Amino acid sequence: MDDALVADVLAGLDVPHERDVPLGAITWYRVGGPAAVLARPTSWDQLATLARRCHQQGVRVYVLGGGANLLVADQGVSDGVVVRLDAEAFTQLSVEGPRLRVGAGHDLFKLVLAAARAGLAGLEPLAGIPGTVGGALRMNAGGAFGDVGASVSAVTVMAGDGQVHGYERDELVFGYRRSSIAEPYILEAVFELEQRDPEEVSRRVKEIFSYKKASQPMASASAGCAFRNPPRELAGGASAGALIDRAGLKGHRHGAAMVSPVHANFIATEPGATAADVLAVMEHVQRTVAERFGVQLQREVVLWP
């Protein structure tokens, strides 16, 4: 971004920010170039003012959560401001009877553990899923055991012009890897859970986490599932991972990125990998599955820019 435009957008805001910040180190793939500007507002008001400025100046905003489900291109993000909501104002957590009120920047797995300690059941299916609450809500994160949308009671969001408003449960729609939330900034959520014995809830969390640890490459540098499962009618009910496996692609690599030999819908990186390596693996997988089965896999991982 032009230095004068950056100065104009940030002038007088007192928003903590840095220039040329490497993003690879704070994403799960561990690859990607720098952010021209990384801003970390410390309050809702600071974020609202920054949002209005960017909206008025036509500056694109990228909201960075936990860096999961994200691939940053090797050239980095130079066409906008990257905003990270990791200050206390966006990560607070409070227990309100059977409800949990939590900031969108709160770590998702830490939320699952906090709910278990409080004896609140409903979030166990999210055990082992990386990222933040906001990112999970945006894409309705989940898996075979359930998804985050099932327990949502309310969500507070901010529009691009800085206006804040809330959604109640009956105003929200959660589907497969999608939600009806269109606003660029998710601020906080309320989860309606069920009171249970804390030991029982913790035991279920451990069971689900152990299952995922045994069947997914959780120790690898990976951003979770690379592709969405195709509609059942297109693939005979087969998942994306099953199609990739049947195509003989486990272990396929380009440079220092590869299809995980543990789970075919995960692409893992090794030291020295680039975003171009990851993209090359993804594109090869998509071409091969389309040729073999006539199914066009859609990326689940978001690409910046």
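In case you missed it, the structure is sitting above this.
Trainee: Honestly, helix H5 (residues 198–215) in this entry has me stumped. Any pointers?
Mentor: Residues spaced three or four apart along an α-helix point in a common direction, a consequence of the helix completing one turn every 3.6 residues. Taking 1.5 Å per residue as the helical rise, H5 with its 18 residues ought to reach 26 Å, and the 26 Å between its terminal C-alpha atoms agrees with that figure. Along H5, the positions that sit buried rather than exposed are Val-201, Val-205, Ile-208 and Lys-212. Mapping the buried residues of H5 onto a view down its axis gives an arc of 70°, with all of them on the same face. Exposed side of H5, more than 90 degrees from the buried face: Glu-199, Lys-206, Lys-213 and Ala-214 are the residues found there. In the core, the buried residues of H5 are packed alongside helix H3 (108–117) and strand E8 (120–121).

Trainee: Just checking my understanding: could you explain the nonpolar core for this structure?
Mentor: Across soluble globular proteins, you tend to see nonpolar side chains buried next to one another. In this structure, Leu-111, Leu-123, Val-133, Leu-137, Val-155 and Phe-191 are the most contacted members of the largest nonpolar core, which totals 34 residues. Elements supplying a minimum of two residues to this core: strand E7 (99–103), H3, E8, helix H4 (133–139), strand E11 (152–158), strand E15 (185–192) and H5. Counting residues per element, this core draws most heavily on H3, which supplies 5 residues. Contact partners of Val-133, with chain neighbours within four places excluded, come to Val-102, Gly-103, Ala-104, His-106, Leu-108, Leu-111, Ala-189 and Phe-191. Formed by 29 residues, the second largest nonpolar core is a distinct cluster that contains Tyr-29, Ala-223, Ala-226 and Val-289.

Trainee: Is there a simple way to think about the packing of aromatic side chains in this case?
Mentor: For any pair of aromatic rings, the description consists of the separation of the ring centres together with the inter-plane angle of the planes. Under the criterion given, the structure shown has 3 aromatic pairs. With a centroid separation of 5.4 Å and an interplanar angle of 85°, the aromatic rings of Phe-145 and Tyr-211 are classed as edge-to-face. One end of the pair, Phe-145, is in the loop between strand E9 (142–143) and strand E10 (146–147); the other, Tyr-211, is in helix H5, with 66 residues separating them in the sequence. Exposure remark for Phe-145: the relative accessible area of 30% places this residue in the partly exposed category. Given the relative accessible area of 49%, Tyr-211 is considered partly exposed.

Trainee: Please explain the packing of helix H1 (residues 3–10) against helix H2 (residues 44–57) as it appears in this structure.
Mentor: When two helices pack together, you describe them by how their axes are tilted relative to each other and by the distance separating the axes. One can describe the packing of H1 onto H2 by two numbers: an axis separation of 9 Å at closest approach and a directional angle of 135°. Between H1 and H2, the angle falls in the class oblique. Facing H1, whose interface residues are Leu-5, Asp-8, Val-9 and Leu-10, H2 presents Leu-50, Arg-53, Cys-54 and Gln-57. Residues belonging to the contact of H1 with H2 are distributed by class as follows: 5 nonpolar, 1 polar and 2 charged.

Trainee: Mind showing me how you'd approach the sheet that holds strand E18 (residues 253–254) here?
Mentor: One key point about sheets: their strands pair by backbone hydrogen bonds, in either a parallel or an antiparallel sense. The sheet built from 4 strands is open, its strands ordered E17-E20-E19-E18 with antiparallel pairing. Two strands close off the open sheet at either side, each with one partner strand: strand E17 (221–225) and E18. Pairing geometry for E17 and strand E20 (residues 266–269), over 3 bridges, is antiparallel. Looking across to E20, one finds that Ser-222 is bridged to Ala-268. Against the sheet, helix H8 (residues 275–293) engages E18, strand E19 (257–259) and E20, with an angle of about 30° to E19.

Trainee: Would you explain the pattern of salt bridges in this entry?
Mentor: Should the charged atoms of two oppositely charged side chains come close, the side chains can pair. The final tally for this structure, using the stated rule, is 11 salt bridges. Its salt-bridge partner being Arg-101, residue Glu-96 comes within 3.0 Å of it at the nearest N-O pair. With a closest N to O distance of 2.5 Å, Glu-192 and Arg-99 form a salt bridge. A residue pair is termed long-range when its members are at least 10 positions apart, and Glu-192 in strand E15 and Arg-99 in strand E7 qualify at 93 residues. Residue Glu-192 is classed as partly exposed on the basis of its relative accessible area, which comes to 37%. When its relative accessible area of 36% is taken as the criterion, Arg-99 is described as partly exposed. A network of salt bridges, in which partner residues are shared, links Glu-96, Arg-101 and Glu-188.

Trainee: Would you take a moment to explain unusual backbone geometry for this structure?
Mentor: Of note, the amide linkage connecting Trp-304 to Pro-305 takes the cis form, showing an omega dihedral of -15°. The backbone of Arg-177 shows a phi angle near 55°, a positive value even though the residue is not glycine. Along the chain, Arg-177 turns up in the loop between strand E13 (174–175) and strand E14 (178–179). Residue classification places Arg-177 among the buried residues on the basis of a relative accessible area of 12%.

Trainee: Help me understand H8 in this model?
Mentor: With 19 residues, H8 should reach 27 Å at 1.5 Å per residue; the first-to-last C-alpha distance of 27 Å fits that figure. Taken together, the buried positions of H8 are Ala-275, Asp-277, Val-278, Leu-279, Val-281, Met-282, Val-285, Gln-286, Thr-288 and Val-289. Among the structural elements, strand E4 (70–72), helix H7 (240–246), E18, E19, E20 and strand E21 (302–304) are those in contact with the buried residues of H8. Gly-294 sits one or two residues past H8 and shows a positive phi near 70°.

Each value, and the rule that gives it
Residues numbered from 1 in each chain as written. Predicted model: local features only at pLDDT ≥ 70, side-chain atom pairs only at ≥ 80, totals over all residues. Heavy atoms only, no water. Helix = DSSP H or I, 4+ residues; strand = E, 2+ residues; numbered from the N terminus. Expected span 1.5 Å × (residues − 1). Buried < 20%, exposed > 50% of the residue type's maximum accessible area, 1.4 Å probe, protein only. Arc of directions from axis to C-beta. Contact = heavy atoms within 4.5 Å. Core = buried A, V, L, I, M, F, W, Y, C linked by side-chain atoms within 4.5 Å. Phe/Tyr/Trp six-rings, centres within 6.5 Å; stacked < 30°, edge-to-face > 60°. Axes fitted to C-alpha atoms, helices over the stretch in contact; angles between N-to-C directions. Parallel < 35°, antiparallel > 145°, perpendicular 65-115°, else oblique. Nonpolar A, V, L, I, M, F, W, Y, C, P; charged D, E, K, R; others polar. Pairing = 2+ DSSP bridges. Salt bridge = Lys/Arg side-chain N within 4 Å of Asp/Glu carboxyl O.

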